[in-house]
Amino acid sequence: MSLSACTTSGPATVAAPRAEQRPHPMSLHGVTRNDDYYWLRDDARQDAAVIAHLEAENRYADQQLAPFQGLRQRLFDELVGRLETDESSVPYHWQRHWYYRRYQTGGEYPLIGRKTSLDAPEQLMLDVNLRAAGHEFYGLGGVAVSPNERLLAFGEDTLSRRIYQIHFKDLDTGELLGDVLEGTEGRVVWANDNLHLFYIAKDPQTLLGFQVFRHQLGTPQKEDVLVYEEQDDTFYISLGKSLDGTRLVLLHESTTSSEVSLLDADTPLGEFKPFLPREEGHEYSIAKLGDDYYVLSNWQATNFRLLKVTASDSADKSKWQQVLPYAADVRIEDVLLLKDYLVLQTRELGISHIRVHPLDGAAPFELEFDEAAYVLGLDVNAEQDTDKLRIYYSSLTTPESIFEYDLGRPGERRLLKQERVLGGFDAQNYRSERLFIQARDGVQVPVSLVYRKDKFRKDGSNPLYQYGYGAYGHTVEPDFSSSVISLLDRGVVYAIAHVRGSEMLGRPWYDAGRMFNKQNTFNDFIDVTQALTEQGYGDKGRVLAAGASAGGLLMGAIANQAPERYFAIAAHVPFVDLVTTMLDESLPLTTNEYDEWGNPNDKASFDYMLSYSPYDGVKRQAYPHLLVTTGLHDSQVQYFEPAKWVAKLRQYKTDRHQLIFKIDMEAGHGGKSGRYRQYEDTALEYAFFLGLLFPDSEAAQGASQE
């Protein structure tokens, strides 16, 4: 397996592209911004001048990356060489079958199968490789089996815009049905009659899912019934089903508020009705057991608490009974209700915990693990009538492990599977640490890091790779990545800065990194870099930084605000043109995110957002080496944001460092599709970093695995 060779005739054949400057003044709140590169936006992606410019950038990137091509190939071979070629998931039981996914050697996509018992013959439900054949990009959406287990619904995206077709297959005959649903979010939820199903339709312009339709099998999509339309464009909607299979669940979520609507799964011709109508600032979710609902709510509880109510009293919060109180230092993240047990996933000081509360009043107990930093969570638990619990566990040095607990025997567990890592990996060669770094305002920022023990000196001589995200309350977990081994074996220290804007330290940690607190995210990342180099974890002259999407905004901000602290930065699908994008309601992820970034139509928000917007903040100064990537069909961060940013950087930067812009003309926000092909993107980034760190040196080639 090999990467495509760079096509260039020599190092001096292609000059760095210079986009034409076409003044485009924009005035608001008494401020006029001139965007010379606004013309690079082409929503149709067909403008000849735009495509020519992007292709010129790709030619230049290929030329500049040509010296790293051998290293890229070695890295790619390493990355895919660690994968178990015939990997399979742990089967889980639902209804009358065991369901699982598995790979065949060399297959880019999984086979989805089931068995009536673990030693029974396989029924192959879907060979995704066959569905993907002939497509440059293929994304599998949701896969849903009907309650009677005779029908399969599955979503497909072949453009990487996250707009899916839904197809249906008769699992008895193996034939595809004539029903095809266009323009969807990619998933269906089945009613219990096995005839009706519900799906979310996307707005083709904003790409927001905003309508819920009911479809009857055997009828054309044009006859589908609109059962709900979201009128507030700051809300996202999603569909699910209660664990006991009795209720269809419609979840409405904005940044700071949520609402749940329910429909009896036995009466699909009915209407979704609110469990509790939405209230500004109130976030809640529900879990059902019999006639009772357990409500995870932030009502009078910043880090959430658990309450209980009967269905008939759900709309009256005065009748909600507290089950578990609010604790300022404990974030309740998830709830699983089994027939005899309440299972909670919580986070305390950034560490995940699983606590089990027997519903018969017996003493609660916690699942124990002993590493310094790890990720722990609920795995597939598809049935409520069971006393078995599955969880996943991983750390920076421990591959993902699936454990099963018999809850009637606290403390006993069975390892069902641990990810196999080929290529001579030995966890004993590596060490992880968890630190708290003091930021400039005195706040302690958690950091997870890992290194290879025989290559780490803690004298400030190791290269340091620092990753960050810091938005939407998303927490980058300290879990295992077989890819990172390629850095560690070359003496690089790998660190995750859990900056404000995530929920690593609970909901207040998120609130401290959004809206008018966003600068904390950037300060935290920069301060972590400074502290790690001062404490000997990294060479201050060889610090690498990487982030994607909103993490790309973080990369853009630190490149503007503290370029001297970074040797090289990789910004993938970066959200960098903050103000202009958030002023355009026709773009995806705009109105929904006013509570994340602010609404620039408000002057105070405009001024604050402008103060850190990476594109607006480009100035005449030296920048680190930069690798910027995007996909032409990106549905989340449009390609023209990084295209404009790179063009402006070329205009203003005063250094002679590398600035490489690589555009995947076929892919979208998630990069390449396929189990192996996705590692081409990782190999590109690592080769860029390592080739710059170790020019003409064997150090870039790898380390022994003894």
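Here is a short report on the structure shown in this document. (Residues numbered from 1 in each chain as written. Predicted model: local features only at pLDDT ≥ 70, side-chain atom pairs only at ≥ 80, totals over all residues. Heavy atoms only, no water.)

### Side note on the overall build of the chain
Consideration 1: When helices and strands are counted, the chain shows 12 helices and 37 strands.
Consideration 2: Against the compact-globule benchmark of 27 Å for 706 residues, the chain has a radius of gyration of 26 Å, which places it among compact chains.
Consideration 3: For the C-alpha atoms alone, the extent of the chain along its principal axes is close to 70 × 55 × 55 Å.
Consideration 4: Per-residue burial for the chain yields a buried fraction of 58% across its 706 residues.
Consideration 5: Once local pairs closer than 6 in sequence are excluded, the contacts in the chain between residues at least 24 apart make up 57%.
Consideration 6: Put simply, the chain has 71 plus and 103 minus side-chain charges, and the middle of one group is 4 Å from the middle of the other. (Helix = DSSP H or I, 4+ residues; strand = E, 2+ residues; numbered from the N terminus. Rg over C-alpha atoms; globule rule 2.2 N^0.38 Å. Buried < 20%, exposed > 50% of the residue type's maximum accessible area, 1.4 Å probe, protein only. Contact = heavy atoms within 4.5 Å. Lys, Arg positive; Asp, Glu negative; His and termini not counted. Charge placed at Lys NZ, Arg CZ, Asp CG, Glu CD.)

### Some thoughts on the environment of glycine 541
Consideration 1: Note that glycine 541 resides in the loop between α6 (519–534) and β34 (543–548).
Consideration 2: Sequence-wise, glycine 541 and isoleucine 526 are 15 residues apart; in three dimensions their C-alpha atoms are separated by 14 Å.

### Remarks on the sheet that holds strand β20 (residues 305–310)
Consideration 1: With antiparallel pairing, the 4 strands of this open sheet are ordered in space as β18-β19-β20-β21. Strand pairing shows two members of the sheet lacking a second neighbour, β18 (284–289) and β21 (321–324), which therefore form its edges. Between one strand and the next, the sheet's axes are offset by a mean angle of 30°, whatever the strand orientation.
Consideration 2: When β18 meets strand β19 (residues 292–297), the two strands line up antiparallel, connected through 6 bridges. Counterpart to lysine 288 in the pairing with β19 is tyrosine 293. (Pairing = 2+ DSSP bridges. Axes fitted to C-alpha atoms, helices over the stretch in contact; angles between N-to-C directions.)

### Here we look at the nonpolar core
Consideration 1: Among the nonpolar cores identified, the biggest contains 115 residues, and Leu532 and Trp597 are the most heavily contacted of them.
Consideration 2: It is helix α12 (residues 678–693) that contributes the most residues to this core, 10 residues altogether.
Consideration 3: The residues touching leucine 532, leaving out its near neighbours within four places in the chain, are Leu435, Ile437, Val447, Leu449, Leu464, Gln466, Ala495, Tyr537 and Gly538.
Consideration 4: Counting residues in each nonpolar core, the second largest holds 19 residues, with Ile351, Leu367, Leu376 and Leu407 among its members. (Core = buried A, V, L, I, M, F, W, Y, C linked by side-chain atoms within 4.5 Å.)

### Comments concerning the pairing of strand β4 (residues 97–102)
Consideration 1: Bridge analysis of strand β3 (residues 92–94) against β4 gives 3 bridges, and the strand direction is antiparallel. Its bridge partner lying in β4, tryptophan 94 is registered against histidine 97.
Consideration 2: In sequence, β3 turns back onto β4 through a hairpin of 2 residues, with glutamine 95 there showing a positive phi of about 60°.
Consideration 3: Bridging between β4 and strand β5 (residues 111–115) involves 5 bridges; their strand directions are antiparallel. Looking at the pairing, arginine 102 lines up with leucine 111 of β5.

### Observations regarding the environment of phenylalanine 436
Consideration 1: Position of phenylalanine 436 relative to the elements: it lies in strand β30 (residues 430–438).
Consideration 2: Looking at phenylalanine 436, the relative accessible area reads 35%, which means it is partly exposed.
Consideration 3: Excluding residues that lie within four positions of it along the chain, phenylalanine 436 makes contacts with Leu349, Gln444, Val445 and Pro446.

### Some details on the packing of helix α2 (residues 69–81) against α12
Consideration 1: Taken N-terminus to C-terminus, the directions of α2 and α12 make an angle of 130°; their axes are 8 Å apart at the nearest point. Considering their axes alone, α2 and α12 lie oblique with respect to each other. Along this stretch, α2 crosses α12, giving a crossing that reads as right-handed. Taking contact as the criterion, the partners of Leu71, Arg72, Leu75, Phe76, Leu79 and Val80 in α2 are, on α12, Tyr679, Glu680, Thr682, Ala683, Leu684, Tyr686, Ala687, Leu690 and Gly691.
Consideration 2: Among the residues forming the contact of α2 with α12, the class breakdown is 11 nonpolar, 2 polar and 2 charged. (Parallel < 35°, antiparallel > 145°, perpendicular 65-115°, else oblique. Left-handed = near helix turned anticlockwise from the far one by under 90°. Nonpolar A, V, L, I, M, F, W, Y, C, P; charged D, E, K, R; others polar.)

### Notes on the pattern of salt bridges
Consideration 1: Evaluation of the coordinates by the stated rule reveals 45 salt bridges.
Consideration 2: Between arginine 33 and aspartate 616 there is a salt bridge, with the nearest N and O atoms lying 3.2 Å from each other. In this pair, arginine 33 sits in strand β2 (residues 31–34) while aspartate 616 sits in the loop between α10 (603–612) and β36 (625–631), placing the two residues 583 residues apart along the sequence.
Consideration 3: A salt bridge links arginine 452 to aspartate 489; the nearest nitrogen and oxygen atoms lie 2.9 Å apart. Of the two residues, arginine 452 sits in strand β31 (residues 444–452) while aspartate 489 sits in the loop between α4 (485–488) and β33 (493–497), which places them 37 residues apart along the sequence.
Consideration 4: Owing to a relative accessible area of 2%, aspartate 489 belongs among the buried residues under this scheme.
Consideration 5: Three or more residues are tied together by salt bridges with common partners; here these are Glu283, Arg331, Glu503, Arg507, Asp511 and Arg514. (Salt bridge = Lys/Arg side-chain N within 4 Å of Asp/Glu carboxyl O.)

### Considering the packing of aromatic side chains
Consideration 1: Within the structure shown, the criterion is met by 31 aromatic pairs.
Consideration 2: Look at phenylalanine 516 and tyrosine 608: their rings are 5.5 Å apart centre to centre, the planes differ by 55°, and that puts the pair in the tilted class. Taken together, the residues phenylalanine 516 in the loop between α5 (507–511) and α6 and tyrosine 608 in helix α10 connect sequence positions 92 residues apart.
Consideration 3: Among the aromatic residues, ring-to-ring pairing joins Phe275, Tyr284, Tyr293, Trp299 and Trp320 into one connected group.
Consideration 4: Its guanidinium or amino end placed over the ring of tryptophan 39, arginine 22 lies 4.1 Å from that ring's centre, counting from NZ or CZ. (Phe/Tyr/Trp six-rings, centres within 6.5 Å; stacked < 30°, edge-to-face > 60°. Lys NZ or Arg CZ within 6 Å of the ring centre and 35° of its normal.)

### Some remarks on helix α7 (residues 550–561)
Consideration 1: With 12 residues, α7 should reach 16 Å at 1.5 Å per residue; the first-to-last C-alpha distance of 17 Å fits that figure.
Consideration 2: Extensive coverage of α7 is indicated by the burial of 11 of its 12 residues.
Consideration 3: Of the positions making up α7, those classed as buried are Ala550, Gly551, Gly552, Leu553, Leu554, Met555, Gly556, Ala557, Ile558, Ala559 and Asn560. (Expected span 1.5 Å × (residues − 1).)

### Notes on unusual backbone geometry
Consideration 1: We note that glutamine 95 has phi near 60°; this positive angle belongs to a residue other than glycine.
Consideration 2: As for its placement among the helices and strands, glutamine 95 is situated in the loop between β3 and β4.
Consideration 3: Taking the relative accessible area as the measure of exposure, glutamine 95 reaches 35% and is therefore partly exposed.
Consideration 4: Phi at arginine 162 is positive, roughly 60°, even though this residue is not glycine.
Consideration 5: Here arginine 162 lies in the loop between β8 (151–157) and β9 (164–170).
Consideration 6: By relative accessible area, arginine 162 is classed as partly exposed at 31%.

### As for the packing of α6 against α7
Consideration 1: Put simply, α6 and α7 touch, their axes get as near as 10 Å, and they point 70° apart. In terms of orientation, α6 and α7 fall into the roughly perpendicular class. The way α6 lies across α7 gives a crossing that is right-handed. Residues Gln519, Thr521, Phe522, Asn523, Phe525 and Ile526 of α6 form the contact with α7, whose own contacting residues are Leu553, Leu554, Met555, Ala557, Ile558 and Gln561.

### Side note on helix α11 (residues 640–652)
Consideration 1: Its 13 residues place the ends of α11 18 Å apart at the C-alpha level, agreeing with the 18 Å of an ideal helix rising 1.5 Å per residue.
Consideration 2: Across the 13 residues of α11, 11 count as buried, placing the element largely inside the fold.
Consideration 3: All of the buried residues along α11 are Phe640, Glu641, Pro642, Ala643, Lys644, Trp645, Val646, Ala647, Lys648, Leu649 and Arg650.
Consideration 4: In this structure, the buried side of α11 is in contact with α1 (48–65), α7, β35 (568–572), α8 (578–582), β36 and β37 (659–664).

### Brief notes about the side chain of aspartate 127
Consideration 1: Position of aspartate 127 among the secondary structure elements: in strand β6 (residues 123–127).
Consideration 2: Although aspartate 127 lies buried, it forms no salt bridge, and the closest oppositely charged side chain, arginine 102, sits 7.9 Å away as judged by the N-O distance.
Consideration 3: At 3.0 Å, the side chain of aspartate 127 and the backbone nitrogen of asparagine 129 are in polar contact.
Consideration 4: Filtering out sequence-adjacent residues up to four positions away, aspartate 127 remains in contact with Pro110 and Leu111. (Polar contact = N/O pair within 3.5 Å; in protein donor to acceptor, adjacent residues only side chain to side chain.)

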